[in-house]
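Overview (structure and organization)
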Amino acid sequence: MLMQERTHYFHFNELGGLEMLKAQDLTLEFSRHVHEGFCIGVIDDGAQRFFRSGANHVAPRGDIILVNADEVHTGSSALDSAWSYRAIYPTPEMFQELTQDLTVYQGSVPWFSQAVIHDVGLSQQLRFLFNVLEQPEQHSLFKETLYLSTLACLVSRYGQSRSSQVALSDHPCGVARVQHLMADQPEQDYSLQELAQAAGLSQWHFLRQFKKYVGMTPHLWLVQHRILKAKRLLRAGEPLVNIAMQCGFADQSHFTRHFKKALGVTPQNYRQQLILN
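To keep things clear, this report deals only with the structure shown in the data block.

**Focus on the overall build of the protein**
- When helices and strands are tallied, the protein shows eleven helices and ten strands.
- Taken over C-alpha atoms, the radius of gyration comes to 19 Å for the protein, in line with the 19 Å a tight globule of 277 residues would show.
- Overall, the protein is about 50 × 45 × 40 Å in size when its C-alpha atoms are taken along their principal axes.
- Counting all 277 residues of the protein, 51% fall into the buried class.
- For the protein, restricting intrachain contacts to residue pairs at least 6 apart in sequence, the fraction spanning at least 24 positions comes to 67%.
- Total accessible area on the protein is roughly 13400 Å²; 51% of this is exposed by carbon and sulfur atoms.

This is the structure in structure tokens:
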């Protein structure tokens, strides 16, 4: 019997809009993409191979996967069979609020240098958190308490300070300026000449620098931020055809193709799952 991929998104208003993904029996390959939030997941079955921080990593069943916000990454099965995982996507703003009372961080956004963590206790705690979040009958206070305590444990054990993040990233100012430009207005059609001028570099040198420090081409970076904008508009209830236009996609089918390639579900399915939750 052939297994059927099942991908479901949860949206928790009581946790500040936190998103959770439950993906089962995956066989697709996620192309290089980014999330506006951190990806904190656990492999439920099989094994996942993914690119992050300039290298490929493999996470077997039970291991924790970590991807920082706006960090380029991929995802696929590391075996001949499918894989399953669950993950939450807390935003940097959520981490800032969480770390207000943590002595080391005091309101800063942590940075996770490790892509894969083998920590049986923390993995079990994350799985318990995911199980609780899936249960609508559970009290919000219980969910909030478990969620915050789990993230605090993760940050205390494996997070680094904001200063460490800056040192690790070390992006040239010109490239970072272009990143912010496209992230702020992803619906615009930028020319290579325009972006290179904004970075203060020649076109060829800009392309090499951008790929070196960001991990993808300027076009792929722009598409990812169009998808991030589309997610916000989907949550706001905008019609799909309007979203495609407002996010700079050529048409609705073009929008749907890119969205599913990055997230594993169509925009319509993503919206339906938000409504169901």
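Further notes follow.
**Let's talk about the nonpolar core**
- Judged by nonpolar contacts, the single largest core of 34 residues is most densely connected at Leu26, Tyr85, Ile227, Ile243, Phe255, Phe259 and Tyr270.
- Within the residue set of this core, elements represented by two or more residues are strand S2 (18–26), strand S4 (39–45), strand S7 (64–67), strand S9 (83–88), helix H8 (218–236), helix H9 (240–246), helix H10 (252–263) and helix H11 (267–276).
- Looking at which element gives the most residues to this core, the answer is H8, with five residues.
- Apart from residues no more than four positions distant in its own chain, Tyr270 is found in contact with Tyr9, Glu19, Lys231, Leu234, Arg235, Phe259 and Val265.
- Formed by 32 residues, the second largest nonpolar core is a distinct cluster that contains Ile64, Ile88, Phe95 and Phe112.

**Some details on helix H7 (residues 203–214)**
- Between the first and last C-alpha of H7 there are 16 Å, a value that for twelve residues agrees with the 16 Å anticipated at 1.5 Å per step.
- If you follow the buried residues of H7, they end up packed against helix H5 (173–184), helix H6 (192–199) and H8.
- At the exit of H7 stands Gly215, carrying a positive phi of roughly 95 degrees.

**Brief notes about the sheet that holds strand S8 (residues 73–77)**
- Spatial strand order, S3-S8-S5-S6: four strands in an open sheet with antiparallel pairing. What marks the edges here is a single partner per strand, and that holds for strand S3 (30–33) and strand S6 (55–60). Each strand axis lies, on average, 20 degrees off the axis of its neighbour in the sheet, ignoring direction.
- Where strand S5 (residues 47–52) and S8 come together, three bridges link them in antiparallel fashion. Pairing of Arg49 across the sheet is with Ser76, part of S8.

**With respect to the sheet that holds S2**
- Across the sheet, which stays open at both edges, the six strands sit in the order S1-S2-S9-S4-S7-S10 with antiparallel pairing between neighbours. If you trace the sheet from one side to the other, it starts and ends with strand S1 (6–12) and strand S10 (116–117), each paired once.
- Inspection of the sheet shows S7 paired to S10 by two bridges, in the antiparallel sense. Pairing of Ile65 across the sheet is with Val116, part of S10.
- Where helix H2 (residues 120–133) meets the sheet, it contacts S1, S2, S4, S7 and S9, and its direction lies at approximately 95 degrees from that of S4.

**Side note on unusual backbone geometry**
- Although it is not a glycine, Asp25 adopts a positive phi angle of roughly 55 degrees.
- One can find Asp25 in strand S2.

**Focus on the packing of aromatic side chains**
- Within this structure, the stated rule accounts for 13 aromatic pairs.
- Aromatic side chains Phe128 and Phe142 sit 6.3 Å apart centroid to centroid with 65 degrees between the ring planes, which places their arrangement in the edge-to-face category. One end of the pair, Phe128, is in helix H2; the other, Phe142, is in helix H3 (residues 140–158), and 14 residues separate them in sequence.
- Note on Phe128: relative accessible area 43%, which makes it partly exposed.
- Phe142 sits in the partly exposed class, given a relative accessible area of 32%.
- Lying across the ring of Phe51, Arg32 places its NZ or CZ 4.0 Å from the centre.

**Concerning the pattern of salt bridges**
- All chains considered together, the criterion is met by 14 salt bridges.
- The salt bridge involving Arg232 is made with Glu36; its shortest N-O contact spans 3.3 Å. Remark: Glu36 occurs in the loop between S3 and S4 and Arg232 occurs in helix H8; sequence separation between them is 196 residues.
- A relative accessible area of 39% means that Arg232 is categorised as partly exposed.
- On the basis of relative accessibility, which here comes to 26%, the residue Glu36 falls in the partly exposed class.
- Residues Asp44 and Arg127 are paired through a salt bridge, measuring 3.4 Å at the closest nitrogen-oxygen approach. Linking Asp44 in strand S4 with Arg127 in helix H2, this pair joins segments that are 83 residues apart in sequence.
- Owing to a relative accessible area of 24%, Arg127 belongs among the partly exposed residues under this scheme.
- Three or more residues are tied together by salt bridges with common partners; here these are Glu19, Glu36, Lys231, Arg232 and Arg235.

Cut-offs and rules
- Residues numbered from 1 in each chain as written.
- Predicted model: local features only at pLDDT ≥ 70, side-chain atom pairs only at ≥ 80, totals over all residues.
- Heavy atoms only, no water.
- Helix = DSSP H or I, 4+ residues; strand = E, 2+ residues; numbered from the N terminus.
- Rg over C-alpha atoms; globule rule 2.2 N^0.38 Å.
- Buried < 20%, exposed > 50% of the residue type's maximum accessible area, 1.4 Å probe, protein only.
- Contact = heavy atoms within 4.5 Å.
- Areas by Shrake-Rupley, 256 points an atom, 1.4 Å probe, with all protein chains shown as cover.
- Core = buried A, V, L, I, M, F, W, Y, C linked by side-chain atoms within 4.5 Å.
- Expected span 1.5 Å × (residues − 1).
- Pairing = 2+ DSSP bridges.
- Axes fitted to C-alpha atoms, helices over the stretch in contact; angles between N-to-C directions.
- Phe/Tyr/Trp six-rings, centres within 6.5 Å; stacked < 30°, edge-to-face > 60°.
- Lys NZ or Arg CZ within 6 Å of the ring centre and 35° of its normal.
- Salt bridge = Lys/Arg side-chain N within 4 Å of Asp/Glu carboxyl O.

Read these as layout, nothing more, since geometry by itself doesn't imply function.
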